[in-house]
Structure formats: C-alpha cells, structure tokens
Amino acid sequence: MDTFFSLKESVLSYLDRSGALLQLAEDCKPFNNPQQSEAVYRFCISVNPSDVIELDPVLGDCVLHDPLKATTIFQSVIFLSIKTLCLIEKIQTESQVNVILKFTHLPPFPEYTLDLSEFPRGYGLMRPVAMEGLVIAMTRVTKYSRGARFLCSEEDCPCSTGFRHVRVHTPGATESVTVRSDFRCLLCSSPLKEDVKFRVLGDKQLVELIHIRALDALKAHTPTALRYQSVPMFLRDELCNSMRIGHVYRVLGIPTHVHQWPGVTWSVEANSVQPWEPEYPSTISANFQALLTATAFSPWGFSAIVANSFGSAVVPPGMYNTLKLGLLLSLIQGRESNPDSHQCLDLLALTADTLIVDRLMMYSLGLAGRGVRHPANGEMFAYLSRDEHGAGTANIHAGSALLATGGVCLLGDLGHYRKDKMDALQSALEGRTVSLIIPGKKYGEDADEQISFDVECNFWALADFTAPSKKTPRTDTVVLGSTDMGSIPAQLAETFGLVIRCREADGEQALLAQTVHTLRQAVQPEEPLYPSCIQFTTQDYQELMACAQGIQTELSPGAERMIHGYYMASRRVRTGSGHGAKVSVTSVKLMGISSRYPSQRSISL
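What you are looking at is a predicted structure, and each value in this text was computed from that prediction instead of being measured.

Chemist: I keep staring at the overall build of the protein and nothing clicks. Help me out?
Modeler: Within the protein, the secondary structure is distributed over 17 helices and 19 strands. Here the protein, with 605 residues, has 49% of them falling under the buried criterion. When the accessible area of the protein is evaluated, it comes to approximately 30,700 Å², of which 54% is carbon and sulfur surface.

Given below as structure tokens:
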C-alpha cells in the first residue's frame, strides 16, 4: 500500500512538472455543460518515459512494462485532482475516468523494438513497443463501445443508481468484453443491466502492416524461403485516418491477444503514429568520386559514362543508352520524401526485343528504394474483401501501384494486358488518382461509398512496336511524336512522360553483340566481361541513386533556354495545323514544369 501511495505522489509530481495539470483543467471545461451528462470522461495524457524514469524509476518501470497498472494509477490521481480542484461537478466515481497514456517515445533499446518479421509471438506482458511497417490494407472507420454504464437489477442495491459500474475499453478487449448481458453486481451478485442512453461510442479502424522487406519478394528476384505475415493493428479515435495505404510508418503500440472463440488473434493497439522513411546513404562510392573528378570539365561526361556502363550485367556497354539514362532519371524521382514526388516520370520503351528490355528494367527495379513487379493478371490499384478480424466492414487492399508508392511499378509488356486494364492505367496516368466504390448493401451500409487514392509511383512499361496494330498501318517514319506504337493505343502512350524508341535491337551487329555478351556471361560468370571499361557494382549505383535523390539541382542559363525553347516549339507543333509531328500533352507538361521551375526538377539535368 505504501508503494501505491508513493507512485501516486510521483504521478502527481510528474503531472505538475510536465504541465499536464494545466492541460487537464482545459480539457475539463467542455464537460461542464449543464445540459450534457457523461458516463465516461476521456483524457489523453502525454507521457515522456525518460522524464518519468528520472523522477521515479519504479514508476518509470511500471509505465514501460505494465502500462495497464500505470493507467490505473494515473486514473486515480486524475480523479482526485478533478474532485479536489472542482474541475467537473457532475463526476461521481473514479471508474468514470478513462485515461489514455500517450507515449512520446520509447528507450532506444532492442527490448522496446518489435521486428514485424520475427515469429512466433508468445504470451507476455502487454507493454509498449516501437515498430516500422508498410500499410497494405485498411478498413473504413467504424464504431466501437468506448464505455458503458451498468445498473444493478436489484432496486434496493446501492449500485442500482449512480455510476458504480462503468466499463471502458482496454487494449486487446473485444466488444463483448466491454458490453454484454452476463455481468454481475460486485455487491449483491445480481445481474447488471446496461443503461443504453449512457453508452459512449468511439471510432476505430483496422489496418494491416507488413515488414518493409516483404516488398523484396514483389521485385521478382530469386525466390527465398522467407515468408512474411501481415500484422493487424487497431487505430482508435483521434488516430483514425492517420495512415494511408502504401506508406511506411513508425508506430508505438501495445501488442495484445484478442480472444475470439475458438481462436486467438495477435494484434497491436496503436498508441502513436508517425510517418517513417529508411535512412539512405549521403555519399557515393570512391569509383564514382573519381569519375566525377575526372569529368568535371564536361557538363555531360559524367552522366554519359554512368548511363553507358549501367546495366552491364544485362546488356553490353553502349547499348540502350537513352533508355538507361531515362531509367536512372526515373529512379532519382522516385523517393517518397521528395517534395515533388507527385510529379512522376513514367517511362514507356518501344522495342523489337522485349525480352532484353524487360531484363534491363528488372535489373533497374532492384535499385529502386521501393519497386514492385506487377503481374498482368493481378490487381493494379486497390480491391476489396470482407474483414476477417471482427470489424464487420470492407477491407481495402493495396494493389501493385499503391504498394510501390514513392518508388517504381514495373508493368512489363503492355501487349499482355486486357483493354479494361489499359483503360484503367490510362485514367490513372492522366489524373494521378484512382477511385474505388464500396457497395453499401454488401458490407452492411445504407449507401455506396467512393474512396479515392493518390497514385504516387513511377510506371515503367514496354511494348513491341513491331506488333501489328488494329487501327493504323505500320510505318518506318522517325519524325518526333509519330513513331509506331504497335498494338498499344496512342492515347495510352501519350500519358507517359517519356516514350523511348529503342533502335539498338535493329540490325545484325546489335544482335551479335548481345549474343556474345549473354554467352560470355554464362560461360565465365566470375570474370569481368569488359575489363577495359570502368567497373561499377550494383551497390555503387544504389548509393549514387540515393545520394542524387537528396540533391537540389539547378539548371544553367543555357540549359534553361534550350528546354524553354523546345517547350515552346512543342506547343506550336501540337497546336498547329495537324501536319507533321504530334507531341503528347504529358510531355509538354513535363517540359513546361522543367522550364518554369528548373531548380526544383532533378529530371531536368
């Protein structure tokens, strides 16, 4: 008992030092409305574990390792403070106080970090942990019982009136734990009945998190024995709608075991949510440092050599240089923290050798901070399923494009896509948003609901321009804007920011070079294929991309004049009489952004 009173004194001292008592007085003012009566008074208390441990190590240990007990202590102190200071006149019992401890941070030790890829998860104390994860699915916001008032059915019992039996939600509790019909009075053991008019409802939302490394499996790399499982997480009240599908967050939460007969579900009750992004290197390798120094005299030498050597594991140096430069520029645009990430650089490659170009894109996808290879028969944006965790609503799952937020979504050969898929892709590229309709009748709602999602990734695609087109005959023209698209609709091709015609595959010389390259790689996999060329590793390129994404670039006056002139000429061509070339609206917009805001566009280099 002495220890309990000592902890209460420490809590009161902490509330006073941190300014929480003053905030408590402000939070109590809305509850003094004479026309309003509450069964439960909810208070969110910000708790800094470092300050608590410095004040009272025993209390700090309780907060970090037994938060339910700590909540009970804070509840008692806050109730006494309210009664002593006369902050709420209508409050009667301590059970009416619902305290939520909001942690500012947790100690930076492994014991307080949860890796979402670690299994199995055993039973233990429900204590707060920090975790990072990617949101792959979420439900709509629904209601839950935050608190309820119960009265004794025996009229002579003192508990038949007042607020002696008030139940509030605790982490890990299901709806039946808070509200059901078989509760008994603590005084006379008579059945309790709920006073429905005093039930307090709150908002809840269920999201599914998965470890960020799970996306490596979606890049279609070499299969491994690793398997990843998503973790259900509950967001309640003010945390609802604080997460977005496809984004990565750092969450402080309390792991719980939800008992739903006949099984037990492991889930997390979120305590705080913050956007999170992995740390990227800010320096480049010694090889690139030396190259940068050697080409300092030339404004284009560094970029030309980097593109020339890029992808030498797939194609010989010097082939597909224009495509490789476009892929590198698109990779630089693809970080989520980039303030201009909504200005994406989508790329369409037209080629007669789709196999080699697809391999080159697959290799480049490995350099993306987040890359997803989309299967032609999969869901590209979002799809619905019925929730399996008791929320009773629709579960919205992320498709490939949403999973690739801030990165690259590789579509592959567009010739393998159905017309409805290409129409959906065209709509998304034009508006950069997609909509999903949730049928109300199917998921327990009165009306249908439409939800929109921003598309914040770069799309890479390829097409065979030698494939026959159903609408236009094939030509050999090389005029800008009038190249053959094969079987791909011209309207779809125009929505890509870059459309690159790969001519390297034409001719016997290119075919011979690619054949020799493939055979030498198969026969001598350990030997350098091109000893005379500068050798850059995949890690070198990864560091270069990460470093380039954080650089604020500027155009020289000459480069700015050139892009602005090309932009104005392209507008005149498009709005001309219809003779000659036709430049897509997306390309004109891309050049317009570069010419108006040169210092903000890394793609303008």
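And the narrative resumes.
Chemist: Just checking my understanding: could you explain helix α4 (residues 57-65) for this structure?
Modeler: In an α-helix, one full turn covers 3.6 residues, which means residues spaced three or four apart are oriented alike. Looking only at α4, the buried set comprises L59, G60, C62, V63 and L64. Its side-chain oxygen placed 3.0 Å from the backbone nitrogen of V58, D56 serves as the N-cap of α4.

Chemist: What should I look at first to understand the pattern of salt bridges in this one?
Modeler: Opposite charge on two side chains allows them to pair when their charged atoms are near. Going through the model one piece at a time under the given rule, you end up with 19 salt bridges. We note a salt bridge from E269 to R236, for which the minimum N-O separation is 3.0 Å. Taken together, the positions of E269 in strand β10 (residues 263-275) and R236 in strand β8 (residues 231-236) put the pair 33 residues apart, joining distant regions of the chain. With a relative accessible area of 11%, R236 lands in the buried category. For the salt bridge of D423 with K419, the shortest nitrogen-to-oxygen distance reads 2.9 Å. Highlighted residues: D423 and K419, both in helix α12 (residues 419-431), separated by four residues, approximately one helical turn. Its relative accessible area of 60% is what places K419 among the exposed residues.

Chemist: Explanation requested: the nonpolar core in the structure shown.
Modeler: In a soluble, globular protein the nonpolar side chains are often hidden away together inside. Of all hydrophobic cores here, the largest spans 64 residues; its most connected members are M233, M243, L414 and F459. For this core, the leading source of residues is strand β3 (residues 129-139), giving seven residues. The contact partners of M243, leaving out residues within four places of it in the chain, are V135, M138, V207, L209, M233, L235, Y249, V251 and V273. With 39 residues, the next largest nonpolar core counts F302, V314, L347 and I500 among its residues.

Chemist: Is there a simple way to explain the packing of helix α8 (residues 301-309) against helix α9 (residues 321-332) in this structure?
Modeler: Working note: a packed helix pair is described by the angle between its axes plus the distance between those axes. Look at α8 against α9: their axes get within 8 Å of each other, and the N-to-C directions meet at 105°. Overall, the two elements α8 and α9 adopt an arrangement that is roughly perpendicular. Contacts from V306, A307 and N308 of α8 reach α9 at N321, K324, L325 and L328.

Chemist: How do you make sense of unusual backbone geometry when you look at a structure like this?
Modeler: Note on backbone geometry: most residues besides glycine have negative phi, and most peptide bonds are trans. Despite not being glycine, S189 shows a phi value in the positive range, around 65°. Along the chain, S189 turns up in the loop between α6 (175-178) and β6 (192-194).

Chemist: Explain the pairing of strand β2 (residues 97-103) here, please?
Modeler: Two faces, one strand: in a regular strand the side chains alternate between the faces of the sheet. With respect to burial, β2 is a largely interior element, six of its seven residues being buried. Bridge analysis of strand β1 (residues 41-47) against β2 gives seven bridges, and the strand direction is parallel. Its bridge partner being in β2, V47 is matched across the sheet by F103.

Chemist: Sorry, what's going on with the packing of α4 against helix α5 (residues 67-85) here?
Modeler: At a minimum axis separation of 6 Å, α4 and α5 run at an interaxial angle of 120°. Accordingly, the angle class assigned to the pair α4 and α5 is oblique. Where α4 approaches α5, its residues C62, V63 and H65 are matched on the opposing element by P67, K69, A70, I73 and F74. The residue makeup of the contact of α4 with α5, split by class, is six nonpolar, one polar and one charged.

Chemist: What's the story with the state of the cysteines in this structure? I'm lost.
Modeler: The bond known as a disulfide is covalent and runs between the sulfur atoms of two cysteines. Tallied over the entire structure, the rule returns zero disulfides. Left unpaired, C159 is separated from the closest cysteine sulfur, that of C185, by 3.9 Å. Relative accessible area serves as the criterion here: at 4%, C159 is assigned to the buried category.

Chemist: Teacher, can you tell me more about helix α10 (residues 354-365) here?
Modeler: For α10, spanning 12 residues, the distance from its first C-alpha to its last is 16 Å, which sits close to the expected 16 Å at 1.5 Å a residue. With nine of 12 residues buried, α10 is to be regarded as a mostly interior element. Within α10, the full set of buried residues consists of I356, V357, D358, L360, M361, M362, Y363, S364 and L365.

Chemist: Hey, could you run me through the sheet that holds strand β15 (residues 408-413) in this one?
Modeler: Neighbouring strands of a sheet are bound in pairs by backbone hydrogen bonds; such pairs are parallel or else antiparallel. What the five strands build is an open sheet, ordered β12-β15-β18-β11-β19; its pairing is parallel. In this open sheet, the two edge strands, each paired with only one partner strand, are β12 (371-373) and β19 (498-501). Here the average twist between neighbouring strands, direction ignored, is 15°. In terms of strand pairing, strand β11 (residues 347-351) meets β19 through four bridges, oriented parallel. Bridge pairing in β19 places L350 opposite R501. Seen against the sheet, α10 touches β11, β12, β15 and β18 (458-464) and runs at an angle of roughly 165° to β18.

Chemist: Help me out: how do you make sense of the environment of L215 in this one?
Modeler: Position of L215 among the secondary structure elements: in the loop between β7 (200-210) and β8. Separated by 81 residues in the primary sequence, L215 and L134 have C-alpha atoms spaced 9.2 Å apart. Those residues in contact with L215 that lie beyond four places of it in its chain are L134, R370, G371, V372 and L403.

Chemist: Sorry if this is basic, but what is going on with the packing of aromatic side chains here?
Modeler: For any pair of aromatic rings, the description consists of the separation of the ring centres together with the inter-plane angle of the planes. For the coordinates displayed, the defined rule picks out 11 aromatic pairs. Ring centres 5.3 Å apart and planes at 75° place the aromatic pair F288 and Y541 in the edge-to-face group. Remark: Y541 occurs in helix α15 (residues 538-549) and F288 occurs in helix α7 (residues 286-294); sequence separation between them is 253 residues. By relative accessible area, which is 0% here, F288 ends up buried. Residue classification places Y541 among the buried positions, given a relative accessible area of 1%. Here F536 and Y541 contribute two aromatic rings whose centre-to-centre distance is 6.0 Å and whose plane-to-plane angle is 75°, an arrangement assigned as edge-to-face. In textbook terms, an aromatic cluster arises when at least three aromatic residues are bridged by ring pairs, as seen for F288, F302, F310, Y363, F536 and Y541. The ring of F198 has R149 lying over it, and the distance from NZ or CZ to the ring centre is 4.8 Å. For the cation-ring pair, R236 lies above Y144, with the distance from its terminal atom to the ring centre recorded as 4.6 Å.

Chemist: Help me understand the side chain of R432, please; the structure alone is not making it clear to me.
Modeler: Examined against the element boundaries, R432 turns out to sit in the loop between α12 and β16 (433-438). R432 sits in the buried class, given a relative accessible area of 16%. Contact partners of R432, with chain neighbours within four places excluded, come to C344, D346, S427, F453, D454, V455, C457 and F459.

Chemist: Whenever I open this one, the confidence of the model for the protein confuses me. Can you help?
Modeler: If pLDDT is low for a region, its predicted coordinates should not be looked at in detail. On average, residues of the protein score 80 in pLDDT, and 81% of them reach the 70 mark or higher. Put simply, helix α17 (residues 585-596) is where the protein has its lowest mean pLDDT, 57, and helix α3 (residues 49-55) is where it has its highest, 93. pLDDT under 50 marks residues 472-481. Its contacts with residues more than four places away, or in other chains, come to 14 contacts.

So, how was this worked out
Residues numbered from 1 in each chain as written. Predicted model: local features only at pLDDT ≥ 70, side-chain atom pairs only at ≥ 80, totals over all residues. Heavy atoms only, no water. Helix = DSSP H or I, 4+ residues; strand = E, 2+ residues; numbered from the N terminus. Buried < 20%, exposed > 50% of the residue type's maximum accessible area, 1.4 Å probe, protein only. Areas by Shrake-Rupley, 256 points an atom, 1.4 Å probe, with all protein chains shown as cover. Polar contact = N/O pair within 3.5 Å; in protein donor to acceptor, adjacent residues only side chain to side chain. Salt bridge = Lys/Arg side-chain N within 4 Å of Asp/Glu carboxyl O. Core = buried A, V, L, I, M, F, W, Y, C linked by side-chain atoms within 4.5 Å. Contact = heavy atoms within 4.5 Å. Axes fitted to C-alpha atoms, helices over the stretch in contact; angles between N-to-C directions. Parallel < 35°, antiparallel > 145°, perpendicular 65-115°, else oblique. Pairing = 2+ DSSP bridges. Nonpolar A, V, L, I, M, F, W, Y, C, P; charged D, E, K, R; others polar. Disulfide = S-S within 2.5 Å. Expected span 1.5 Å × (residues − 1). Phe/Tyr/Trp six-rings, centres within 6.5 Å; stacked < 30°, edge-to-face > 60°. Lys NZ or Arg CZ within 6 Å of the ring centre and 35° of its normal. pLDDT = per-residue confidence, 0-100.

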